[in-house]
Structures are given as C-alpha cells and as structure tokens.
Amino acid sequence: MGYSIAQKIIKAHLLSGEMTPKEDISIRIDQTLTQDSTGTMAYLQFEAMGIPRVKTEKSVAYIDHNTLQTGFENADDHKYIQTVASKYGIYFSRPGNGICHQVHLERFGIPGKTLLGSDSHTPTGGGIGMLAIGAGGLDVAVAMGGGAYHLSMPKIMRVNLKGRLGDWVSAKDIILEVLRVLSVKGGVGYIIEYAGEGVKTLSVPERATITNMGAELGATSSVFPSDEITREFLKAQGREGDWTELKADPDAKYDDEIMIDLCALVPLAAKPHMPDNVDTVENVGKIKVDQVFIGSCTNSSYRDMMTVAKILKGRTVHPEVSLVIGPGSKQVLNMLAQNGALSDMIDAGARILESACGPCIGMGQSPRTNAVSLRTNNRNFEGRSGTVSAQIYIVSPETAAVSAIKGELTDPRTLGKPPVIEAPDRFLVNDNMIVPPAPEGNDVEVVRGPNIKPFPINKSLPAEIEAEALLKVGDNITTDHIMPSNAKLLPYRSNIPYLSEFCFVPCDPDFPKRAKEKGSGFIIGGSNYGQGSSREHAALVPLYLGIKAVIAKSFARIHMANLINSGILPLTFKDPQGYDRVDEGDVLVLEDIQRVIKNGEPIVLFNKTKNVKIPLEADLSARQRAIVLAGGLLNYTKLQS
Ligand code: MIC
Ligand code: SF4
C-alpha cells in the first residue's frame, strides 16, 4: 500500500506505535519553535528538566507576540528568553525580525522534516512540505530535550483542489471555503493533505495561508507536497539545498476526501465570532467598516503585501477607516521599503506596524466600541481584538484593501483589473536579526525579571474526587475564553497567580472568586472544548485554581494534551444527555477514580445533588493515564528517571 505525504513523514520519524488511526504513536522532532507568549513558560519548564543543551537539529525562539512594552514585564521576558536560548543552544529571533511562522517558513523550514511549535499556527510550515504541529510549551520543552512527541495517529483527509482561482480570489478564500464545509471541529483527529491540479497554481506563501488556518479546523496539521514551486521558493531564499521532493504515492489511501473547485470560488468572509461562520462577501453586503487590519501569520507575506500596496497605490484610505498594516517579517518589510511599495502604503494613509502579531492578539489597535473591523488574520473570537463589542470579519488581503478604500465591505472584483504579483527570483536575505546560541559549555547567565513567578505543579491523582461543578459552558469554548489574552494580560504569561484573576471572565466574571473560595472543582463543557490557541495557561491557571477534571462533550486536541500534561482529567460524557444532568453548583463525585483510571475501568460520575449516575469516558492512552495518575508530565518524567 502506498503512503500519503503525512504518512511518509510520520513513518520516517516513527519511534513507537502503529500507524493506525487513533493509535498512540510517538515521533522524533527535528525542529522546534517557540514564541514569547508561550516561550517563557516553555523555557522555565525546559530548565526544570535539567537538560544541558537542546538535542534537536534546530530550535528557534521568536519574539513576536508581546512587543508592546508598556511596562518592564515584556522586555524582562524577552531578556530571559534571549539568555536562556543562548545558554541552551537555541537560535534567537530578535523582536522586529517578524512573526515566528512567517520567518520560520522563510529561513528555517525544510520539506520532510518535523517541526513542533508552542503555537497553534505552527502548521504554517506545511506550506513548504513539513509536518508541522502546534503543541503546549511543555511538549515542546520535552522535544527540545530530545524526547519523543506523543500523539494519536491522525486520520488523513485529502482536499483535492480542482482548477485555478479566478481574478481577485485568493488563498484565504480557499481556506475559508474549507472552513465553511468542515467547520471549526471538522479537522479534529485529521491531518489535511492538499492535492490535485490546483496545487501547482499556488505559491508557497499561498499554501502557507491555507495550512496556517488548518488550525481553525482543529486539525493536527495540514500539508502540501514539496514540488518545483517549493524548490523555487527555497532557491529564492538562498536555500535550494534544503529542498527535497515530497509527494503522495499514487495508490495512497485516505480516510476522507473533499473537493474544492477553485474556479467556482468567490471572495468570502468569516462573520463574527467564529472562523467557520462563512458567507460570500456579496451576501454579507456593503456594511460600513471602521477598521481594517492587514497582517498576521496568515496573510503578511511579500505576495500579500505587494498585492495590497498595488491596490492602495495612488488612492486614499476612506476617511472613516483606520487601515493598519503589519508586514510579517523584516524580510518582507525591507523588500517593500526597497521597492517603493511601502511608500505607496504610507501615501495612501495606512498606519504601518512593526513586523509582529500586533492586533491579531489584541496587542494594540483595538477597534472602537461596536466597530466593524475587517482582518486578514485567522481568528475572530469575541473580544480577542481587545474590544468586546467589536464585530470582526476575516477576509482576504484583496477584500481588506479594497474595502479600506471604499469604506464598506466590498467585493474586490468590482475594482477592475487585479494586481499581478510575480514571485521574486531572490528574496532579500539578511539573517542579522537571528542570534546564534553561545557555544556549548558557555557560562551565559540567565536573566530573570521579577515578573517570573513559579508555575503550579500538580499532585498525583487522589483516590476520590468530590467537588462542585464550578462552571458549565456551551460548545466551542476557546482558550481565549478560558484564559483571555490581550495587551494587558499577555505581559503576565509567566505569572500564573496574576492571570488566575481573569480565568473564564468572558463566560462568568465571578468565576475566579468562586474558584478561590471553593478551592477545588469541576468544569463542565460542550463539544470542541478548548479550541484555538495552544496556550497551556488555559490548563495551568485552572490547575492553580484547583480544577481537578474537565468533563465535556468533546475536546480540541492541543488543549486536551495540555490538561493531561497538567494532571487535570479530561473526561467526556458517554451519552450526550449526560451533559444535561449536571448543573452549575451540583456536587459531583468520582469514586475510586485513581483505581478506575489505572485499570481503564468504566467511569461513573455520581451527581450527589441530583442523585444520578452519569457514565463518562476517558479517551486516554496508557501513557496518558500514567501521566494523569502521576499528576502531570513533569511528575511523570521524574518518576521515569
Ligand atoms: C494565538 O493566535 O492565539 C496565539 C497567541 O498565537 C496562541 C499562542 C498563545 O496563546 O500564546 C496560539 O495560537 O497558540
Ligand atoms: Fe501571532 Fe496571530 Fe499568528 Fe497567533 S495567530 S501567531 S497571535 S499572528
């Protein structure tokens, strides 16, 4: 039997397990990346493991999220990451060098390699034919130390791209269409593989836009073949030597398949407040726009920025629109500066930001009350922009730029001839913002600011758990609900006690107070609980607040792994009615839970308040059971050594 691309990469890196869907497997990780909002915690955990030097082929620490420095906290964390990186053998991408996924694609990504990143959009690397996976910081720390990455073998879904895109329709519209078809949970348990004649009509940055937003499908990863277009891209980056061909065998078997007819696609928009709430720009209609943000790791490549610059050239941003543009990397920004495109943007009235995540994670540029903001990023969760009442629409750079001029959501096809952007023969390569680590055996001093507080470590699973259902939430709860992030909170990613004051506040402002009063408890969730970001703070903070178990209809992959790593039990209702048998405030008992988990016995939740027994399940591998029993991955690792 032949193999798909993802199966080939997994096979070449397989350390344990059978490549049968849902089986527990472990793979070797070639490269890791961290960014600053998850990195501080990841490096604290790496240090706690006591390993003298990273064992990966390449590990890179990026500074791109926490770049607003309105107090000492972010700058302190940057210094900590820079010194810890230097000490332990990690390359350091300085603030200003760009967004981790964009820079990694340009400068480090290699087809056929595995990449584990402490950021959910790590699958951007799939655009270049890597198997790139997002994970919690602790999993990345383990991989840096040479440990295997454990996951359940994903199913493979082939997305067949037919034909080619029409004028003004771009890669963002492809992935929005996939989201419309599959939904934000449609990719859970899958790697999405792109295939078909349409693939060769897409450049690497366009492919990366698509694999980036595979995260919004809940997919483990997304991957494109590595072909002549990939070779051209790497050659233009001065890295042709990193190229290898990678394609699926003709007789590869897929678990699922869908077809997208590129010729039939039109400009699309994801309406508030979910990336799968997709309709055509035409159907959404000419709503008045207050703000437009073009940037983020999804759409800030040279190709995207040049498209926008050509649309803006000689025009003026509508007087009632604030247009902000954040080019994805120093390479892109510098090329725009050198060829004059930056001047076209500035001339049109765009507000230019440094190359960083910026407004995508609410690091500045929060829109006004009730504003309509069009954005090219990947998530439009409620409140993520920093303004709870804002209505965020996700659109392509083409739609964003044209709408910024018109002042209302506009189908870009109404503008006439589209700009044509040729992929450059040579990108402007200057790695002077990437600092190599100090040589082995160095005596680099790791600098820790006062904002770094110890992180919570769990205790082994108790024999029995009796506690209240402290909170009951609905479907598709994001990690932005569990542990909100914005310019005010991001500086405290290494300060769990402070963050705990804001846990679940978008769902229930009294939650932190209640949790602290009760000292322990359960969370009850709907389906796809914990979708979105990889931040393990969405597990560490509940751990700090005494949460013993989350009982949900289903979980998103990264968050479930983070709960297990923290020693919090992720349990699911055996029948959907189970969810209706628990109300907030009910006293719940998991009798003999230690033995039940150890032996993999059927789990029964006793709702003491309602006097009913509710059957539960724990979809855990033997290793995951052992981790939960030990009280989390760090305790488990200590027990192993
Ligand atoms: C995001 O897009 O939500 C983030 C911020 O990049 C997160 C990481 C984090 O929460 O720090 C992600 O996607 O993993
Ligand atoms: Fe940064 Fe936004 Fe990308 Fe997350 S999704 S890595 S915040 S640009």
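Coordinates for the structure precede this section.
This structure is a prediction, so every number in the text was calculated from the model and none was measured.

Thresholds, definitions, all that
- Residues numbered from 1 in each chain as written.
- Chains lettered and ligands numbered in written order.
- Predicted model: local features only at pLDDT ≥ 70, side-chain atom pairs only at ≥ 80, totals over all residues.
- Heavy atoms only, no water.
- Helix = DSSP H or I, 4+ residues; strand = E, 2+ residues; numbered from the N terminus.
- Rg over C-alpha atoms; globule rule 2.2 N^0.38 Å.
- Buried < 20%, exposed > 50% of the residue type's maximum accessible area, 1.4 Å probe, protein only.
- Contact = heavy atoms within 4.5 Å.
- Areas by Shrake-Rupley, 256 points an atom, 1.4 Å probe, with all protein chains shown as cover.
- Salt bridge = Lys/Arg side-chain N within 4 Å of Asp/Glu carboxyl O.
- Near = heavy atom within 4 Å.
- Polar contact = N/O pair within 3.5 Å; in protein donor to acceptor, adjacent residues only side chain to side chain.
- Nonpolar A, V, L, I, M, F, W, Y, C, P; charged D, E, K, R; others polar.
- Axes fitted to C-alpha atoms, helices over the stretch in contact; angles between N-to-C directions.
- Parallel < 35°, antiparallel > 145°, perpendicular 65-115°, else oblique.
- Pairing = 2+ DSSP bridges.
- Core = buried A, V, L, I, M, F, W, Y, C linked by side-chain atoms within 4.5 Å.

Draft legend 1. Region of interest: the overall build of the chain. Within the chain one finds 21 helices and 27 strands. Against the globule reference of 26 Å for 641 residues, the chain gives a C-alpha radius of gyration of 23 Å, in line with a compact fold. A principal-axis box enclosing the C-alpha atoms of the chain has dimensions of 70 × 55 × 55 Å. Relative to its full complement of 641 residues, the chain shows a buried share of 64%. Taking the intrachain contacts of the chain between residues at least 6 apart in sequence as the baseline, contacts between residues at least 24 apart amount to 77%. Total accessible area on the chain is roughly 22,600 Å²; 49% of this is exposed by carbon and sulfur atoms.

Draft legend 2. Broad picture of the pattern of salt bridges. Counted according to the given criterion, the structure contains 36 salt bridges. The partner of Arg413 in a salt bridge is Asp411, and the shortest N-O contact between them spans 2.6 Å. Accessibility expressed as a relative area gives 36% for Arg413, which makes it partly exposed. Among the salt bridges present, the one from Glu501 reaches Lys516, with a minimum N-O distance of 2.6 Å. On the criterion of sequence distance, the pair formed by Glu501 in the loop between helix H15 (496-499) and helix H16 (511-518) and Lys516 in helix H16 is long-range, its members being 15 residues apart. What emerges from the salt-bridge pattern is a single network uniting Glu206, Arg303, Asp304 and Glu398.

Draft legend 3. Broad picture of the site of ligand 1. Ser37, Asp119, Ser120, Ser534 and Arg535 are the nearest of the 14 residues found near ligand 1. Between ligand 1 and His65 there is a distance of 2.8 Å, counted from an oxygen atom to a side-chain nitrogen or oxygen. The separation between an oxygen atom of ligand 1 and a polar side-chain atom of Ser120 is 2.5 Å. Protein chains shield 97% of the accessible area of ligand 1, which is 330 Å² for the free molecule. Split into classes, the residues belonging to the shell around ligand 1 amount to one nonpolar, eight polar and five charged.

Draft legend 4. Here's a closer look at the packing of helix H11 (residues 330-339) against helix H12 (residues 341-348). For the pair H11 and H12, interaxial distance at closest approach is 4 Å and the crossing angle is 85 degrees. For the element pair H11 / H12, the angle class is roughly perpendicular. On H12, the residues that touch Leu333, Leu336, Ala337 and Asn339 of H11 are Ala341, Leu342 and Met345. Here the contact of H11 with H12 is composed, by residue class, of six nonpolar, one polar and no charged.

Draft legend 5. Inspection of the pairing of strand E18 (residues 372-375) at higher detail. With burial as the criterion, each face of E18 is covered, one bearing Val372 and Leu374 and the other bearing Ser373 and Arg375. Bridging between strand E15 (residues 291-294) and E18 involves three bridges; their strand directions are parallel. Counterpart to Val292 in the pairing with E18 is Leu374. As paired strands, E18 and strand E19 (residues 391-394) are joined by four bridges and run parallel to one another. If you follow Arg375 over to E19, its bridge partner there is Ile394.

Draft legend 6. Quick look at the environment of Gly137. Residue placement: Gly137 occurs in helix H5 (residues 137-144). A relative accessible area of 2% places Gly137 in the buried class. Sequence spacing of Gly137 and Lys253 is 116 residues, and the spatial spacing of their C-alpha atoms is 33 Å. Aside from chain neighbours lying at most four places away, what touches Gly137 is Ala42, Gln45, Ser118 and Glu536.

Draft legend 7. Spotlight on the sheet that holds strand E11 (residues 221-223). In spatial order, the strands read E11-E10-E9-E12; together these four strands make up an open sheet with parallel pairing. Of all strands in the sheet, those bounded by a partner on one side alone are E11 and strand E12 (256-261). Direction aside, neighbouring strands of the sheet carry axes that sit 20 degrees apart on average. Taken together, the six bridges between strand E9 (residues 155-162) and strand E10 (residues 190-195) define a ladder with parallel strand orientation. Residue pairing across strands places Val159 opposite Tyr194, the latter belonging to E10. Contacts from helix H1 (residues 5-13) reach E9, E10 and E11, with the element oriented near 125 degrees to E10. This element, helix H6 (residues 171-182), spans E9, E10 and E12 of the sheet and lies at about 130 degrees to E12.

Draft legend 8. The nonpolar core, seen in detail. Core analysis: the largest hydrophobic core is formed by 105 residues, its most contacted members being Phe504, Phe511, Tyr529, Leu569 and Leu590. Not counting chain neighbours up to four residues away, the residues in contact with Phe511 comprise Leu470, Leu471, Cys503, Phe504, Ile523, Leu545 and Ile547. In terms of nonpolar packing, the next biggest core, distinct from the first, is built from 56 residues, Ile128, Val372, Tyr393 and Ala400 among them.

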